[in-house]
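Coordinate analysis (summary)
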Amino acid sequence: MARFLVIGVTLLGAIWPLQAFSDPLLQTVSVPVGVEYDSNPTMIANDPSSIMRYRVMPQYQLSYKGDSNDLTFSLGARLERSSDQALSVNRQDPNLGLSWQTFSPTSSFGVNLRYAQESARTTEFQDSAAVTVDATRTTAGLGANWKNSLSERNDLTLTADYSDVSYDSPTLTDFQNTRLGATLGHQFNERSELFVTGSASRFEPGQNAVRTAIKSESYIAMLGFKSKSSENFDWLLQGGGVSITSNGIESHDWQGNWRINYAGERLSGSLDIGRTTTASGVTGGFATNDALRFQASYLLSERSSLAFDASTTKSESTLSTTTDIYGATYSRELSPFFRLNLRVQRRAIEREINPASSNLVGLTLIYSHPDF
């Protein structure tokens, strides 16, 4: 973590514009404090045991928006205590983020730095349709992007990203993933765009890698179209092929997704269906997952809202494993600085042997100050 903190502080000092002292800075802070009941934290099929979790998640953000520069710095932590550490360990997970974007009339350039510790049991369940040990996943990354207008209707975007992922468990594989991407877009009008996108990624297993983890490369090419059909509705459709080379063996598959978004006066929502290929510490290489994700929120009144979310993820890299997550959240504003959230969630894993499920109920009081 230390090297990324040094990079972050150095980058912050190097790119901070002099006019930041005269232009307004926005500082925000939030402190969610909550309690959660989990009926089956280990996701076992028979005789599950329940626990209570108590957590505090302070988060600070500093942002600056100038005429040609945007800068955002964030720092936070997840402090969690469990009623039974044999089932769910206590957590002290920090996170750090730093991003800078500069603009000109015809181009933009940006860099971002990130560091986060998270529960591997939670992240891998969502991303890889897998139940793992109660370990910690540490992710450190550095990325850059550049966009340039080639003409009035054509633009080119280049991206580069490096991620270093490690786990404090020998059953999961540490890895480094380097990804380069390019997208060429053509705008038919202000609302519609046709684009071609491609990327190349390299997976490098860490020293703790299991035997099945080896160096791998993936190449993805897709054709897509996105449109803003109205002020409230937009959608994107893209699809193509992916080629993965591992240990001299090359495999081919398809990749793509369809995403729609709606934002109304009281109702908003999104739906995303597709197949993705990402680096995974569970499989020790590139993993292909089919996923469906849905979110919707409805404003009940000026001070309360109701939100729903659902996701289904099927791993094509493991033995017929599918995870389902369904949840609902009721939110009530108590004052300009305090909000109360009540959340219920059901998680389930479908597999040939020992399918399991769990129910979660959480109550969170959130203090937030938008500008202090």
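None of these values were measured; they are calculated from a predicted model.

All right, on to the overall build of the protein chain then. Assigned secondary structure in the protein chain consists of 2 helices and 19 strands. On C-alpha atoms alone, the protein chain measures out to a radius of gyration of 22 Å, which is about the 21 Å that the 2.2 N^0.38 rule sets for 372 residues. Across its three principal axes, the protein chain shows a C-alpha extent of roughly 65 × 60 × 45 Å. When the 372 residues of the protein chain are sorted by exposure, 37% land in the buried category. In the form shown here, the protein chain has an accessible surface area of approximately 20,000 Å², with 58% of it arising from carbon and sulfur atoms. Across the protein chain, the mean location of the 31 positive side-chain charges is 2 Å away from that of the 38 negative side-chain charges.

This next bit is on the packing of aromatic side chains. This structure, assessed with the given rule, holds 7 aromatic pairs. Their ring planes at 75 degrees and their centres at 6.2 Å tell us that tryptophan 100 and phenylalanine 109 sit as a pair that is edge-to-face. On the basis of relative accessibility, which here comes to 16%, the residue tryptophan 100 falls in the buried class. Residue phenylalanine 109 is classed as partly exposed on the basis of its relative accessible area, which comes to 35%. Their ring planes at 45 degrees and their centres at 6.3 Å tell us that phenylalanine 188 and phenylalanine 225 sit as a pair that is tilted. Separated by 37 residues along the polypeptide, phenylalanine 188 in the loop between β9 (175-187) and β10 (192-205) and phenylalanine 225 in strand β11 (residues 216-227) bring together distant segments of the chain. Phenylalanine 188 gets classed as partly exposed once you look at its relative accessible area, which sits at 39%. Three or more aromatic residues joined by ring pairs form one cluster here, namely Phe175, Phe203 and Phe286. We note arginine 347 situated over the ring of phenylalanine 125; from NZ or CZ to the ring centre the distance is 5.6 Å.

Moving on to the pattern of salt bridges. Per the stated rule, a full pass over the model turns up 22 salt bridges. Among the salt bridges present, the one from aspartate 161 reaches arginine 114, with a minimum N-O distance of 2.9 Å. A residue pair is termed long-range when its members are at least 10 positions apart, and aspartate 161 in strand β8 (residues 154-167) and arginine 114 in strand β6 (residues 107-119) qualify at 47 residues. Look at aspartate 161 and you get partly exposed, because its relative accessible area is 25%.

Looking at where glutamate 190 falls in the secondary structure, it is placed in the loop between β9 and β10. For glutamate 190, a relative accessible area of 83% corresponds to the exposed category. Note: C-alpha distance between glutamate 190 and arginine 153 (37 residues apart in sequence) is 9.5 Å.

Another point: the confidence of the model for the protein chain. Here the protein chain averages 90 in pLDDT, while 91% of its residues score no lower than 70. Between the elements of the protein chain, mean pLDDT differs from a low of 51, seen in helix α1 (residues 2-15), to a high of 98, seen in strand β2 (residues 51-56). Note that residues 17-22 has pLDDT below 50 and, in this model, 6 contacts with residues that lie over four places away or in other chains.

Parameters and conventions
- Residues numbered from 1 in each chain as written.
- Predicted model: local features only at pLDDT ≥ 70, side-chain atom pairs only at ≥ 80, totals over all residues.
- Heavy atoms only, no water.
- Helix = DSSP H or I, 4+ residues; strand = E, 2+ residues; numbered from the N terminus.
- Rg over C-alpha atoms; globule rule 2.2 N^0.38 Å.
- Buried < 20%, exposed > 50% of the residue type's maximum accessible area, 1.4 Å probe, protein only.
- Areas by Shrake-Rupley, 256 points an atom, 1.4 Å probe, with all protein chains shown as cover.
- Lys, Arg positive; Asp, Glu negative; His and termini not counted.
- Charge placed at Lys NZ, Arg CZ, Asp CG, Glu CD.
- Phe/Tyr/Trp six-rings, centres within 6.5 Å; stacked < 30°, edge-to-face > 60°.
- Lys NZ or Arg CZ within 6 Å of the ring centre and 35° of its normal.
- Salt bridge = Lys/Arg side-chain N within 4 Å of Asp/Glu carboxyl O.
- pLDDT = per-residue confidence, 0-100.
- Contact = heavy atoms within 4.5 Å.

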